[in-house]
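Residues per chain are reported as follows:
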Amino acid sequence: QVQLVESGGGLVQAGGSLRLSCAASGHTFMVMGWFRQPPGKEREFVAAIRWSAGSTSYTDSVKGRFTISRDNAKNTVYLQMNSLKPEDTAVYYCAADWGVIGTTPARYNYWGQGTQVTVSS
């Protein structure tokens, strides 16, 4: 059974840092990524990594602040979030699939349960 389990969310002040983790079980995916859904808004792409090559993609608003990485041995992907801003407040979801990196939710068939990130001003 495929399962994605996220952890690491929480409450942080603006300018602070958090690291999200997503552990995959039941399968090793080609692509894993992070999406977020701010209150009252649609789910949006944050970052993704291609497992074998390690190539990455980021949405413009997080470039230079967020870093996605992976640990092959643990089958886990991380999202290091620095210089957090109030507009980063959202439920963050881990996603996984095969093929190339996609930036829309429809490109991913497997999802975690989500973890809340709240950035106070």
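Our subject is the structure listed above.
Read on for an overview of the structure. Owing to the predicted nature of the structure, the values given are computational and were not obtained by experimental measurement.

Turning our attention to the state of the cysteines. Throughout the structure, instances matching the rule amount to 1 disulfide. Through a disulfide, Cys22 is tied to Cys94; the S-S separation comes to 2.0 Å. Of note, the bridge from Cys22 to Cys94 carries an S-S torsion of about -80° and is left-handed in sense. Residue Cys22 is found in strand β3 (residues 18-25), and its partner Cys94 is found in strand β9 (residues 90-97); the two are separated by 72 residues along the sequence. Considered together, Cys22 and Cys94 belong to a single accessibility category, that of buried residues.

Turning to the environment of Ile68, a few remarks are in order. Within the secondary structure, Ile68 is located in strand β7 (residues 66-71). According to the relative accessible area criterion, Ile68 is buried, its value standing at 4%. Along the backbone, Ile68 and Leu20 are 48 residues apart, and their C-alpha atoms lie at a distance of 9.4 Å. For Ile68, the residues in contact, after removing those within four places along its chain, are Met32, Gly33, Trp34, Ala47, Ala48, Ile49, Thr56, Tyr58, Val77, Tyr78 and Leu79.

Reading guide: rules and limits
Every residue gets a number counted from 1 within its own chain, in the order that chain's sequence is written. For a predicted model such as this one, the threshold for reporting local features is a pLDDT of at least 70, and the threshold for listing and counting side-chain atom pairs is 80 or more; totals across whole chains, interfaces and linings nevertheless cover every residue. Heavy atoms from the whole structure form the basis of all side-chain values; hydrogens and water molecules are not counted. The rule for a disulfide is simple: a pair of cysteine sulfur atoms within 2.5 Å. Numbering of helices and strands runs from the N terminus; a helix is a DSSP stretch of H or I covering at least four residues, while a strand is a stretch of E covering at least two. Partly exposed describes any residue whose relative accessible area lies between the buried limit of under 20% and the exposed limit of over 50%, with all areas from a 1.4 Å probe on protein chains only and scaled to the type maximum. Pairs of residues are marked as contacts when any of their non-hydrogen atoms sit within 4.5 Å.

What is shown is where atoms sit, not what they do.
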